[in-house]
Amino acid sequence: MATAKRMTWCLIVVTFFILLGCDSGAKKIAPKDIDASTDGDELLIGEDDLSSDDAVDGTSKDDHGLKDDTMVSDTDVVPETCGNSQVDEGEVCDGNLIECIDIDDNIYSAGKATCLDTCLGWDTVTCDEIPHTCGNGIVEGPEVCDTQLLTNCVEIDPAQYSAGKAYCLDDCSGYDTVTCEEITEDSDVVTDDDNTAEIDIVPDSDTVGSCGSARFDGSSGYIEVAHAALLNLTGNWTIEAWVNQDTNDALSPILRKGGATASPAYYIYGTYFQFLYTEAPRAGYYYAADTSSAVEATGPATPANGEWYHIALVKNGSTVTTFIDGVAGSAITDANNAYANSENLYFGSRQSTTPGYFDGLIDEIRISSVARYTASFTPQERFANDANTVGLWHFEETSGTIADNAAGSGLNGTLTGGVTWEDACAAEGPIVVPDDDVMPDVDVDVDVDVDTATGVIDTIGSDLEPYVGDVSRMRGNYYSCDTDSTLTEIEMYLDPAAATTVYFVVYESTTLDGTYYPLESVSRSVSAAGAEFYTSGPLTVSLQAGTYYFIGAWWGSSAAVGYAADTSATSYDTAFGAWDTGMTLESVTSAPASIDYDSTYYANNAYYQRLTTE
């Protein structure tokens, strides 16, 4: 009996404590996050901490400060529909398999992946990754980069970075962009009147320039440019001008490279009235000293007096064509190069035993080392200076006796006799002088792109020395830099004997006579097109003041490649600093990891190249 009573009391006590621990009116505590994949705060329903998880919606709250049933779901919360074997809104998958290459074919080569229990992603443990070795110089599998060279930040992300260079991370997963300059919003950008384009108004310096040209009196006036090797044209080339003739009753020489003692290298003549008919403008060249070795192509139309017209002589391979206002005349076939004489270049005059003079206005003249036009085109009213420009004369000086060559390679002209400056030009709209920024501006009045800024082109060396044909070579020049600049193009004067690959490179050093390390390298396939400048294409290489650079090119043993140099060079100034000396490195079949200045420099030997910087 006593035992029974003791058991009864034990049951009463146990029941009491069970009831004491239960509260049928309290909320149950359940974890909100199940296998949370993005955050680690694991906020539970009823907790007061809202700093990391769900926002509060509405105004009706319970005694814990939360409105019932109005929590905004985390993105890592298991969807309520997960497990129903169909992919619903908010789910990546639901119980299914997927081919690993469909997840990311840059990372996986084979295998299948199962859906995670959360329906928010894939379990890729069974996927076969593409083999990759960070450090072998090849971007493989999941690698973003694999190079020891600095990479321009603009190439990494042009929408985010404006300048700087970055190294590839040690694991090849991306770039260390701490040295990149991020693009910041320009507070001086506004929209034009019709709200169609942005215009950067400060601190640009686009201005409306003077509309100018040179007036020739038809009897004694001309402009003379002293002979230089650049003016002896080979390969493909273009000569063009804007002119406005007052009369055509006499020979109308617009441009002619030649004096009275030899056949002209090339020439352009305007409209000429002969006894019974009017002769259309024509242009051509001589390919030997004798007067019978000439090629001439006539334009397709005869412009009227008092009207501006554009004329261009183009040599494209073995095709020679004269264009009038962008329309081609009958083509002539000739594979010869123009005669390389040592005569001066004349504008507005035929300096020969029977001299002649142009009567009227000449606005623009440009000589280029490429065939700019091969089909119908609309001529530029004001020619742009670019890497292929040998000479460019705008005739906008308004005073003095010098006609500047805007290409910056010397070749300024001297006004002689009856030549004057005049406020007139071929352009119908305003003449806009481009500013020095990189991106083109938009002119508010005409709503067209008008900024053609292309930087400064420095020409180093010359092609007067004989070519040296050889294989596996590295050639270029050393420079000191005293002005922060951006190198945008490298051109090397070469003469490939066969198709090959040329590598344009930039090496950097903290001292002139120190060790130079690679900064930039780009490759270009070139064909055997003859002796001319071969380009790297667009570059964005930052040159820092107080630093030294080797800039040049190298090629392997697949083809013989000639090169030209000035072996009597003493000095060259550049827009960013100064030339110091040339360099020669023999038997190069791959880019050197570094260059020792002492063992590679070649005193007073400037290799022929053009550098464009901004």
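First, a word on what this report is: a plain description of the structure on this page. (Residues numbered from 1 in each chain as written. Predicted model: local features only at pLDDT ≥ 70, side-chain atom pairs only at ≥ 80, totals over all residues. Heavy atoms only, no water.)

## Brief notes about the overall build of the protein
Link 1 in the chain: Assigned secondary structure in the protein consists of four helices and 50 strands.
Link 2 in the chain: Counting the 614 residues in the protein, one finds 42% classified as buried.
Link 3 in the chain: Within the protein, contacts between residues at least 6 apart in sequence are counted, and of these 64% link residues at least 24 apart.
Link 4 in the chain: Just so you have it, the protein exposes about 30400 Å², and 51% of that area is on carbon and sulfur atoms. (Helix = DSSP H or I, 4+ residues; strand = E, 2+ residues; numbered from the N terminus. Buried < 20%, exposed > 50% of the residue type's maximum accessible area, 1.4 Å probe, protein only. Contact = heavy atoms within 4.5 Å. Areas by Shrake-Rupley, 256 points an atom, 1.4 Å probe, with all protein chains shown as cover.)

## Comments concerning the sheet that holds strand β3 (residues 112–115)
Link 1 in the chain: Spatially, three strands are ordered β1-β3-β4 in an open sheet, and the strand pairing comes out antiparallel. Only two strands of the sheet have a single neighbouring strand rather than two, namely β1 (97–99) and β4 (122–123). (Pairing = 2+ DSSP bridges.)

## With respect to the packing of aromatic side chains
Link 1 in the chain: For the structure shown, the criterion picks out 24 aromatic pairs.
Link 2 in the chain: Taken together, a centroid distance of 3.7 Å and an interplanar angle of 5° make the contact between Tyr 373 and Phe 377 stacked. The burial state of Tyr 373 is the same as that of Phe 377; both residues are buried.
Link 3 in the chain: With a centroid separation of 6.3 Å and an interplanar angle of 40°, the aromatic rings of Trp 555 and Tyr 563 are classed as tilted.
Link 4 in the chain: One aromatic cluster is present, formed by Tyr 478, Tyr 507, Tyr 516, Phe 550 and Tyr 597 through successive ring pairs.
Link 5 in the chain: The ring of Tyr 563 carries Arg 475 above its face, with NZ or CZ at 4.3 Å from the centroid. (Phe/Tyr/Trp six-rings, centres within 6.5 Å; stacked < 30°, edge-to-face > 60°. Lys NZ or Arg CZ within 6 Å of the ring centre and 35° of its normal.)

## Concerning the nonpolar core
Link 1 in the chain: In this structure, Tyr 266, Phe 347, Trp 393 and Phe 395 are the most contacted members of the largest nonpolar core, which totals 39 residues.
Link 2 in the chain: Ranked by the residues each element gives to this core, the list is headed by strand β16 (residues 237–245), at four residues.
Link 3 in the chain: Excluding residues within four positions of it along the chain, Tyr 266 makes contact with Leu 231, Leu 233, Ile 239, Leu 255, Arg 256, Lys 257, Gly 284, Tyr 285, Ala 338, Leu 345 and Ile 367.
Link 4 in the chain: By size, the runner-up hydrophobic cluster in this structure holds 32 residues, among which are Val 506, Tyr 534, Trp 555 and Ala 565. (Core = buried A, V, L, I, M, F, W, Y, C linked by side-chain atoms within 4.5 Å.)

## Details of a nonpolar patch on the surface
Link 1 in the chain: Together, Phe 275, Leu 276 and Tyr 277 line one region of the surface with nonpolar side chains, adding up to about 440 Å² of accessible area.
Link 2 in the chain: Looking at Tyr 277, the relative accessible area reads 46%, which means it is partly exposed. (Patch = residues over 30% accessible without salt bridge, like charges linked within 9 Å, V, L, I, M, F, W, Y side chains within 5 Å. Salt bridge = Lys/Arg side-chain N within 4 Å of Asp/Glu carboxyl O.)

## Here we look at the pattern of salt bridges
Link 1 in the chain: All told, the structure shown has 11 salt bridges when counted by the stated rule.
Link 2 in the chain: Between Glu 240 and Arg 366 there is a salt bridge, with the nearest N and O atoms lying 2.8 Å from each other. In this pair, Glu 240 is assigned in strand β16 and Arg 366 in strand β30 (residues 359–368), connecting sequence segments 126 residues apart. The same class applies to Glu 240 and to Arg 366, which are both buried.
Link 3 in the chain: As a salt-bridge pair, Arg 475 and Glu 586 come within 3.4 Å of each other at their nearest N and O atoms. On the criterion of sequence distance, the pair formed by Arg 475 in strand β37 (residues 473–481) and Glu 586 in strand β46 (residues 577–586) is long-range, its members being 111 residues apart.
Link 4 in the chain: Note on Glu 586: relative accessible area 42%, which makes it partly exposed.

## Describing the pairing of strand β23 (residues 308–316)
The two faces of a sheet get side chains in turn, since along a regular strand they alternate between them.
Link 1 in the chain: The element β23 is largely enclosed, with a buried count of seven among its nine residues.
Link 2 in the chain: Sheet analysis places β16 next to β23, joined by eight bridges and oriented antiparallel. Its bridge partner being in β23, Val 243 is matched across the sheet by Tyr 309.
Link 3 in the chain: Sheet topology note: the β23/strand β24 (residues 319–324) ladder contains six bridges and is antiparallel. By the bridge assignment, Ala 312 is partnered in β24 with Phe 323.
Link 4 in the chain: Where β23 folds back onto β24 in an antiparallel hairpin, the turn is made up of two residues, including Gly 317, whose phi is positive at roughly 65°.

## Here's the deal with the sheet that holds strand β43 (residues 548–555)
Link 1 in the chain: Spatial strand order, β47-β40-β39-β43-β37-β46-β48: seven strands in an open sheet with antiparallel pairing. Edge strands, defined here as strands with exactly one partner in the open sheet, are β47 (595–596) and β48 (601–602).

## Concerning the pairing of strand β50 (residues 609–613)
Link 1 in the chain: Extensive coverage of β50 is indicated by the burial of five of its five residues.
Link 2 in the chain: Burial along β50 is two-sided: the residues Gln 609, Leu 611 and Thr 613 and Arg 610 and Thr 612 are all buried.
Link 3 in the chain: Pairing analysis gives five bridges linking strand β36 (residues 456–460) to β50, with the strands arranged antiparallel. Bridge pairing links Val 456 to Thr 613 in β50.
Link 4 in the chain: Across five bridges, strand β38 (residues 485–496) lies against β50 in antiparallel orientation. Residue Glu 491 lies in a different strand from β50, and its bridge partner there is Arg 610.

## A few points about the state of the cysteines
Link 1 in the chain: A complete count under the given rule lists seven disulfides for this structure.
Link 2 in the chain: The side chain of Cys 145 participates in a disulfide bridge whose partner is Cys 168; the two sulfur atoms lie 2.1 Å from each other. Disulfide Cys 145-Cys 168: the torsion about the S-S bond is 90°, which places it as right-handed. Within this pair, whereas Cys 145 is found in the loop between β5 (128–129) and β6 (151–152), its partner Cys 168 is found in strand β8 (residues 165–168), the two being separated by 23 residues in sequence. Across the pair, exposure class does not vary: Cys 145 and Cys 168 are buried alike.
Link 3 in the chain: Note on cysteine connectivity: Cys 153 is disulfide-linked to Cys 180, with sulfurs 2.0 Å apart. (Disulfide = S-S within 2.5 Å.)

## As for the environment of Thr 234
Link 1 in the chain: If you trace the backbone, Thr 234 turns up in the loop between β15 (222–225) and β16.
Link 2 in the chain: A C-alpha to C-alpha distance of 7.9 Å links Thr 234 and Ser 369, two positions 135 residues apart in sequence.
Link 3 in the chain: Setting aside its immediate chain neighbours within four residues, Thr 234 contacts Asn 337, Tyr 493 and Ala 531.

Remember that the coordinates give geometry; whether it matters functionally is a separate question.
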